[in-house]
Amino acid sequence: MVYLPVAWIVTSLLLLLAGVFRVWDALKPLKQPPSFKSLVAATALFLPFGCVYFLYALQPEASPDGSYYHNGFLNLYEHAHRVIPVPDSLYAGLSQGIEIQALPGFLAGRHCVPGVIQLLYLIALVVLIVATARRFRQTRAGIGAAFLVFAAPLVGYAATQALIDVGVGALVFGMFSTLQIWLQTKNHRFLLPAGLLAGFAVASKFSALPALAIFVFCIGWNWLRERQLPWAWVAVSILVAGTMIIPYLARNAIWYGNPLAPFQNQSFPNPNFSPWQEWEYRQPLRSYHWLGTEGQWWHIPAEVTLNGSHLQGLYGAAFVLIPFGLLGLGSPLSRRALLSAALLLLTYPENLGARFLMPAIPFLALFLTIAVSRWPGMLPLLLIMHGVSCWPPMVERWTENGTMRLGPIPLIEEVTRSIPEEQSLRRRLPTYEAARWFETHTSPGERILAYSSFSEAYTTRHACVVYSSTHCFKLSDVFLSGLWDRYKPSRVVTARFAAQSVSGIRILQSAKRTGRWDLRELHIYCGEVELLPSPAWKFTATSNESDLPYLLDRRIVTGWSPWEYLEPGQYVELRFPSAITLDRIVLLTTSAAIQPQMEFYSSTGFSPLGDHGRWNPIPAKTEELSAPLPEDLNRQVTTELYRRGVRYIFALRKDFFTDDLLRAQTGWGVSVSAEANEWVIFRLVDR
Amino acid sequence: MGAFMLTLCAFLNRARAILVRGFLVTIRQPACWVGAILLAYICFRSVTLDFCHDEALSFELFVSGGLYKLFGPYDASNHILYSVLARLSRGVFGLSAFSLRFPSLLAAIVFLLAAVSFVRHWISNTWWRAVALVLLAGNPLLLDHFSAARGYGLGCAFLAWSIVLTCRLTLLDHCLVEQNRSVYMLAVALGLSVSSNLVFLTSALAIAAWVTVVFLANAVRKGTPRAALASLYANGFAAPAAFLPAVFWVLPLRTATPANFYVGFQKLVDFRESITGVFFPPGVHGWDFLETIGTLVHAAASVVPVLELVLGLTILALGVIGFHWVRNRPVSLATANAATACAILALTVGINLVLWQFFGVKLPVLRTTLPLVVTFNFAFVAGLAALAQMDFPRRLLGAPLFASAAMLLISDISATPRSYLFDWPYDSQNVEIVGVLEQESQKLGHDPTVLTSYYLSRSLRWYGERKNLSWLKNVPFPWEQTRPPKSYDFVVLYPNDPIPNFVPDSPPWRRWEISGVEVYRNP
C-alpha cells in the first residue's frame, strides 16, 4: 500500500535488518587506507563535480522521461495508494525495480528524490570501481576510471534526474565486483549478493539482461578452471535473482497478458500491446532516425563520445581513446572488464540511445585507465582534460543543441525552493503548465489523446500517448482517418462472382510486407440487395477479434486490423447461422501505399462440433475503386473519439496535426481549451 | 651547534666549489656562450617585436575568453599545447605580448638545451661546437618562432629532443629494454611535438618509423628478450607517443574536415614546384650555397616533376642501406649518428612528398617548413661531426661553414627589427593608426565607430584589449557589419584587402596614409 506511514515502517524495518546483518561492518576503517596524496587527488577531482551534481539532483525534476513516466508512475501509484495496472502505456510493463525503490522517498521528498537516489547510486558506483581496482592492485587506474565515469556528461545528467540508468550501471558493476571477490576468495557466500544484484539489475531495466550472462559466464568459467561448482550456492543465487525478476514477469502476465510485456507480443498475444505497435516503437530506437540515413554504425563511437545530438547524450572525449586500453590486456582485470563490456553491449543494438551504454561504461573506463596508468603522467593529463571538458557549463559550449546534458548550474534559491518549485518548473519544463491545467480542469476518466507526452509526474491525469499501446494506436487510427490520405477510408475492393449459397466466407491475406491490413467496412450483396448484418453472424480472425464488429457497424472511421505486419495466412472469417446466397463482397479499406493481397474463400457447411468445414476459393473478379469521402469525415472522427471516451487532444505546436486542427476547429468539432508557446489543448465539443 | 655550523660551512664550500667549477667550465665553452647569446637575442625580440596579425588571431580565438575555445571547432591556427601554456602564462604574468610569447621562450630554452646536448655529445672541438650550435639554432626562420606567440616554437623544441634521443637510442650497443626511461622520454617528446602543432606529425611519423626499425633490429639480435622488447615498444613508445597528442587533439579534431589539412591542393606532379623551392626560400636561411643547391633541385624538379619523389625515395633507400652498413661495420659512432639523422630527414622529406603527391597536401609552405628545417639542421650538423672525425680536411670544410654560420648571424641581426611575417600588420602600425583615430575622435566628442579590413581587425582588437580601449576591442570584421560602411566614423583599409561597398570619394573622406594603411574619416 502506498501510504507514507507504510513507507516509514518499511524503511525502518529495512534499516533494522541491515543492522541485524551487520551492514555497518562495511564502514570499518580499511586495512590499507589510501595514501594522503591519493585522497587529496581524489577530493580535487570528485568534489567539484559532486557539489554541482548535488545541486542538480535537488533541483525540481524536469527531465523528459523522468517527468513523463518514471516519476509519472510514482505519482500515479501514490494517488491510487497502490501499484496499479496502466494497460495503455508500454512503460508500465517495463520492470520498475529502481522506481519502486524510490517510492518511499518519493512520498516524503517528492519529485527530486529519485534523482538523489541516482546520485547515491553514482557514488556507490565510484566506490565500487575504486574498490575493485584496488583488489587487483590497480588503485590509480580505479580512481581514474571512477572519475571518467563520474564526470561523463551523460552520467552526470542521468545521475541527477529521475532516470534509472546510473542505478542499473551501479548494480551491474556491483555484481561484477562481488563476483571478483568470490573468484579471489572462493567464499561462495558472495554468490548470494551477486545473484541478488544481477536479478535486481534486470528487475530495474530489461536491457540489463546480459548481467545474468556475466553471472553465468563467471560461474561457468570458474567451473571450467576449478572443476568444482558450489551447486547449493549457485542454486540459491539463481533463486535470489529470480526472486527479483519473477514478480515483474508475474505482474505482466496477470495484468497485461504477456510476462515479457511490452516486448515479445508475437509470442504472447494480448490486447494491450501488439506486434505491430511493438515494432513501430522499437524500430526507431534501432536507428534514432539517424543510423542508416545520416549516420553509419562506425559513426556511433564519435556520436556517443563527442557529438551527442543524434543519440541523446555523450560520455566525453576521453572515451574516444578506449582503443588504447588494448595495451593493458595483460592485466586480468582489463580482460575481465573488456569481456563484461562486450557482453553488456549485446543488447545495445536494440536501443542506440547513449544512455543504454551506461552499464558498459564503467568497464570500458576501467579498461582504458588500466593501460593509461602504466604511462607516467598520462593518466593525470587524461583526467584533467576530461574534467575540464566535461564541467557542465563547459559541455554546453562545445556540444550541439539537442544533446542530453545538464543545463546551467542551479541557483541555491532554486534548490532551497526560495524560488517556488512551480516557477522553476514553468521555466524549465514546457509542458508543466499543461499538466497542471489537466489537473485542475479535467475530471478523472476523461481520456486525453496525445502524440507527444507531457509532464504526467505533476498531474494525476494520464494521457493515451499514441505509440505507447495498441489501445492508443486504435484511437490514432480513428483520428488519422480524417487527417492523412493513407489512413482515409477511400478504397473500395469489390469481389464479384457467380451467385452461390455459402455458410461462411473467409478473406485471406497472402502478402508479406511491412504494412498493416486495415479493413473498415464489409458489405455482402446478392444482386443489388445488400444482406443486412445479423447478430447471429459470427466473426473470427487470426487476431484482434474484439474489433471485428466494427466491420459491420457502418462507421467508416472504425475498423479492424490484426495489428501485425502483413503476413501470409492472416484472415477474417464470417460465418452465417444458415446458408445464404451472395454474389458480391465489398470491402472498404484505407488507401495506404502498401496494400494487402486478399483472396476470397467460401464454405458450404460447418459441423455442430465447430469443424470449419472445407474452404473453397471463390473464383471472384476483383476490382478496386476510389470511394468519395463524406464531407463531415472530420466530424465523424471526433464523434467516434468522443464515443470512446476521449475528451481532450494534447498537441505540441510542432506536432503534424496541430495546424490542421487550429485552422478547422469547427469542421473537426474541437475548440482550443488552453494554449502556450509550445502546446495546445483541444477539447472535443460535446456530442 | 658547532658541529652543525661546521657541516653547513663544509656544505656551502662544496656547493660553491661545484658552482664555480661548473661556471668556469661553462664559460670556457664557446657553445654555451653562443647559446646564451641566442637566448638573449630571442628574449630581446620577445619583448621588443611588434605583435603581428597571426599572434593577435591566436590570442583572440584560443587564449582569450572561456576555456571552451580550446576545444574547437577545428582551426589550423589552434596550436593547442601553446594555447594551454599561454593561458597559464597569461594567468601568471598578466596580459602582455611577452606573457603570450613566454611559452615560445621556454621552447627556445628547451631547443637550445637539446642543441647543446647534441653538439656536446658528437663534436669534441669547442669552437666547432659553437659553429654547430649556430647552424642548428641560428637560422632566422627558427628564431622567429621562438619569439612569436604561436605553437611552432614548442613543436621545434620537442622535435629537437626527439631527434637527439632517437640518435642516442639508435646507437646503443646494449639492449633497448634497459633504456625504458629514455624510450618513454622520446615518446613524450614526440607526443608533445605533435601536440604543439599537427604539422610536426610528418617528422614525428618519420622518427616513429625509424624507431620501429631500431626496435626490429634489436629484436633480431640473439639473446634479446623479445617479449619485453615488444612490450617496451608498445607500452613505452608507440602508445604514449600516440596517446599524448590524442588527448590534446581529440576534441578540436572532432569538427575537422579534410579541407582543414590542405587536402586537395594540386599534386606534386601537377604543381611544377619542388619541396626545395619552399624549403630554402631565398633570404630566410641566409645560407647561400645550400639555397643554390635547392634552387638547382627545384629547377630539375620543375622540368621532371616526379624527380623529387624519386630522389626522396632514393635517399630513403640509401638511409636504410646506410643504417644496415653502419650496424655491420666498425664505423665511427659519429658516422652512424649522421646516418640516423639523415635517415630521419629522408623519411620526413619522403612523407611530405608522399602526402603532396598522393593526397594533394602541400605541407611545406611558410611556417610549415619548420619540421624540415629542424630535421635538416640536425642531419647537417651530424654529417659535419662525422666528416670532422673522418680527418676530412678541416680547413676545406671549416671555411664555408664558418662563413655560413657568420652569414646566419648576420641574417639574424638584419632580421631583428622585423617580425616573422614582415608584410602583415603590426603593433607599431597600430600605434600610429590608433593615434590618428584617438586624436580625431576627440573632435567627435564620443567613442568612434571604426570599420577595418579583415587583417587589421584582429590586430586592432588585440591592441584595444591590451590598452583597454572599449571602442577598439569590438571592431567588427567586415562580414559582421550590420550597416553601410559610410555610416562609420572611420574606415581603415589595409593594402589589397578592400571593404565591400566602400567608396571614399563621394563626398570626399579625409585620408591619412600610415605605412601603406589608409585611414579615412567620414566627412
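Remarks on the overall build of chain A
At step 1: From N to C terminus, chain A includes 24 helices and 15 strands.
At step 2: Rg of the C-alpha trace for chain A: 29 Å, near the compact-globule value of 26 Å for 687 residues, within the 12% margin.
At step 3: Principal-axis analysis of the C-alpha atoms places the extent of chain A at approximately 95 × 65 × 50 Å.
At step 4: The buried share of chain A, taken over its 687 residues, is 56%.
At step 5: Counting contacts in chain A only where the partners sit at least 6 residues apart, residues at least 24 apart contribute 74% of the total.
At step 6: Surface summary for chain A: the accessible area is close to 29400 Å², and the carbon and sulfur share equals 63%.
At step 7: Distance from the positive charge centre (57 side chains) to the negative charge centre (49 side chains) of chain A: 11 Å.

Section: the nonpolar core
At step 1: Counting 267 residues, the largest nonpolar core has Tyr315, Leu382 and Phe650 of chain A together with Phe111 of chain B as the members making the most contacts within it.
At step 2: Among the elements that line this core, the one with the most residues is helix 5 (residues 97-122) of chain B, at 13 residues.
At step 3: Core analysis: the second largest hydrophobic core is formed by 35 residues, Ile556, Ala627, Ile649 and Phe657 of chain A among them.

Digging into the interface of chain B and chain A
At step 1: Taken together, the contact pairs 18 residues of chain B with 20 residues of chain A.
At step 2: Regarding the contact of chain B and chain A, the summed buried area is about 1900 Å², with carbon and sulfur atoms giving 82% of it.
At step 3: If you sort the residues of chain B by the area they bury against chain A, Tyr68, Asn235 and Phe243 of chain B come out on top, with a joint share of 33%.
At step 4: Taken together, chain B and chain A are joined by zero salt bridges.
At step 5: Viewed at the interface, chain A and chain B are joined by five residue pairs in polar contact (both at pLDDT 80 or more).
At step 6: Breaking the side of chain B that touches chain A down by element, the ones donating at least two residues are helix 9 (180-196) and helix 11 (226-249) of chain B.
At step 7: Ranked by the residues each element gives to the side of chain B that touches chain A, the list is headed by helix 11 of chain B, at ten residues.

Some remarks on the sheet that holds strand 2 (residues 490-493) of chain B
Within a sheet, each strand pairs with its neighbour through backbone hydrogen bonds, oriented either parallel or antiparallel.
Residues and elements named next belong to chain B.
At step 1: Taken together, four strands build an open sheet; the order of strands is 1-2-4-3 and the sheet is mixed. Across the chains shown, the open sheet's two edge strands, defined by having one partner strand only, are strand 1 (450-452) and strand 3 (510-514). In this sheet, neighbouring strand axes are inclined to one another by 20 degrees on average, regardless of whether the strands run parallel or antiparallel.
At step 2: Summarising the sheet, strand 2 and strand 4 (residues 517-521) pair through four bridges and their orientation is antiparallel. Within the sheet, the bridge partner assigned to Val492 lies in strand 4 and is Val519.
At step 3: Most of the contacts of helix 20 (residues 454-467) go to strand 1, to which it runs at about 130 degrees, and overall it touches strand 1, strand 2 and strand 4.

Things to note about the confidence of the model for chain B
Caution applies to low-pLDDT parts of the model: their predicted coordinates are not meant to be read in detail.
Residues and elements named next belong to chain B.
At step 1: A residue-level look at chain B finds 77% of positions with pLDDT of 70 or above and a mean pLDDT of 80.
At step 2: When mean pLDDT is taken per element in chain B, helix 9 scores highest with 95 and helix 14 (residues 288-303) scores lowest with 58.
At step 3: The ipTM assigned to the predicted complex is 0.84, against a pTM of 0.87.

Observations regarding empty space enclosed by the protein
At step 1: Within this structure, the stated rule accounts for eight cavities of 30 Å³ or more.
At step 2: Each pocket or cavity is described by its volume, and for the largest cavity that value is around 110 Å³.
At step 3: Of the residues that constitute the lining of the largest cavity, the class distribution is five nonpolar, three polar and six charged.

Observations concerning the environment of Ala239 of chain B
At step 1: Relative to the helices and strands, Ala239 of chain B resides in helix 11.
At step 2: In this structure, the C-alpha to C-alpha distance between Ala239 of chain B and Pro500 of chain B, residues 261 residues apart in sequence, is 51 Å.
At step 3: Apart from the residues within four sequence positions on either side, Ala239 of chain B is in contact with Phe324, Leu327 and Trp375 of chain A together with Ala234 of chain B.

Things to note about the pattern of salt bridges
Residues and elements named next belong to chain A.
At step 1: Scanning all chains against the criterion turns up 39 salt bridges over all chains.
At step 2: Here Arg496 ties to Glu623 by a salt bridge, and the two come within 3.3 Å at their closest N and O atoms. Residue Arg496 is located in strand 3 (residues 491-509), and its partner Glu623 is located in strand 12 (residues 621-626); the two are separated by 127 residues in the primary sequence.
At step 3: Taking relative accessible area as the criterion, Arg496 reaches 39% and is therefore assigned partly exposed.
At step 4: Glu567 is paired through a salt bridge with Lys512; the nearest N and O atoms lie 3.0 Å apart. Of this pair, Glu567 sits in the loop between strand 8 (565-566) and strand 9 (570-589) while Lys512 sits in the loop between strand 3 and strand 4 (513-516); the two residues are 55 residues apart in sequence, bridging distant segments of the chain.
At step 5: Lys512 sits in the exposed class, given a relative accessible area of 60%.

Focus on the packing of helix 2 (residues 36-58) of chain A against helix 5 (residues 113-135) of chain A
Residue and element names in this part refer to chain A.
At step 1: Contact geometry for helix 2 and helix 5: axes closest at 8 Å, N-to-C directions at 160 degrees. Judged on the interaxial angle alone, helix 5 and helix 2 are roughly antiparallel. Note on packing geometry: the crossing formed by helix 2 with helix 5 is right-handed. Only Gly115, Val116, Leu119, Leu122 and Val126 of helix 5 make contact with helix 2, whose side of the interface consists of Phe46, Tyr53, Phe54, Ala57 and Leu58.

With respect to the side chain of His523 of chain A
At step 1: Position of His523 of chain A among the secondary structure elements: in strand 5 (residues 519-526).
At step 2: Residue classification places His523 of chain A among the buried positions, given a relative accessible area of 15%.

With respect to the environment of Val670 of chain A
Residue and element names in this part refer to chain A.
At step 1: In this fold, Val670 is placed in strand 14 (residues 670-675).
At step 2: Counting along the chain gives 70 residues from Val670 to Phe600, while the straight-line C-alpha distance between them is 41 Å.
At step 3: Non-local contacts of Val670, meaning those with residues more than four positions away in its chain, are made with Thr638, Leu661, Gln665, Phe682, Arg683, Leu684 and Val685.

Section: the state of the cysteines
Residue and element names in this part refer to chain A.
At step 1: Under the counting rule described, the total for this entry stands at one disulfide over all chains.
At step 2: A sulfur-sulfur separation of 2.0 Å characterises the disulfide bridge that pairs Cys464 with Cys472. On the sign convention where negative is left-handed, the bridge of Cys464 and Cys472, at about -95 degrees about the S-S bond, is left-handed. In this pair, the class of Cys464 matches that of Cys472, namely buried.
At step 3: Of all cysteine sulfurs, the one in Cys51 lies closest to Cys390, which takes part in no disulfide; the gap is 17 Å.
At step 4: For Cys390, a relative accessible area of 2% puts it in the buried group.

Rules used throughout
- Residues numbered from 1 in each chain as written.
- Chains lettered and ligands numbered in written order.
- Predicted model: local features only at pLDDT ≥ 70, side-chain atom pairs only at ≥ 80, totals over all residues.
- Heavy atoms only, no water.
- Helix = DSSP H or I, 4+ residues; strand = E, 2+ residues; numbered from the N terminus.
- Rg over C-alpha atoms; globule rule 2.2 N^0.38 Å.
- Buried < 20%, exposed > 50% of the residue type's maximum accessible area, 1.4 Å probe, protein only.
- Contact = heavy atoms within 4.5 Å.
- Areas by Shrake-Rupley, 256 points an atom, 1.4 Å probe, with all protein chains shown as cover.
- Lys, Arg positive; Asp, Glu negative; His and termini not counted.
- Charge placed at Lys NZ, Arg CZ, Asp CG, Glu CD.
- Core = buried A, V, L, I, M, F, W, Y, C linked by side-chain atoms within 4.5 Å.
- Buried area = accessible area lost by both parts, 1.4 Å probe.
- Salt bridge = Lys/Arg side-chain N within 4 Å of Asp/Glu carboxyl O.
- Polar contact = N/O pair within 3.5 Å; in protein donor to acceptor, adjacent residues only side chain to side chain.
- Pairing = 2+ DSSP bridges.
- Axes fitted to C-alpha atoms, helices over the stretch in contact; angles between N-to-C directions.
- pLDDT = per-residue confidence, 0-100.
- 1 Å grid on protein atoms, 1.4 Å probe; cavity = no way out; pocket = protein on both sides within 12 Å on 5 of 7 lines; lining within 4 Å.
- Points joined across faces, edges and corners; volume = space filled by probe spheres on them.
- Nonpolar A, V, L, I, M, F, W, Y, C, P; charged D, E, K, R; others polar.
- Parallel < 35°, antiparallel > 145°, perpendicular 65-115°, else oblique.
- Left-handed = near helix turned anticlockwise from the far one by under 90°.
- Disulfide = S-S within 2.5 Å.

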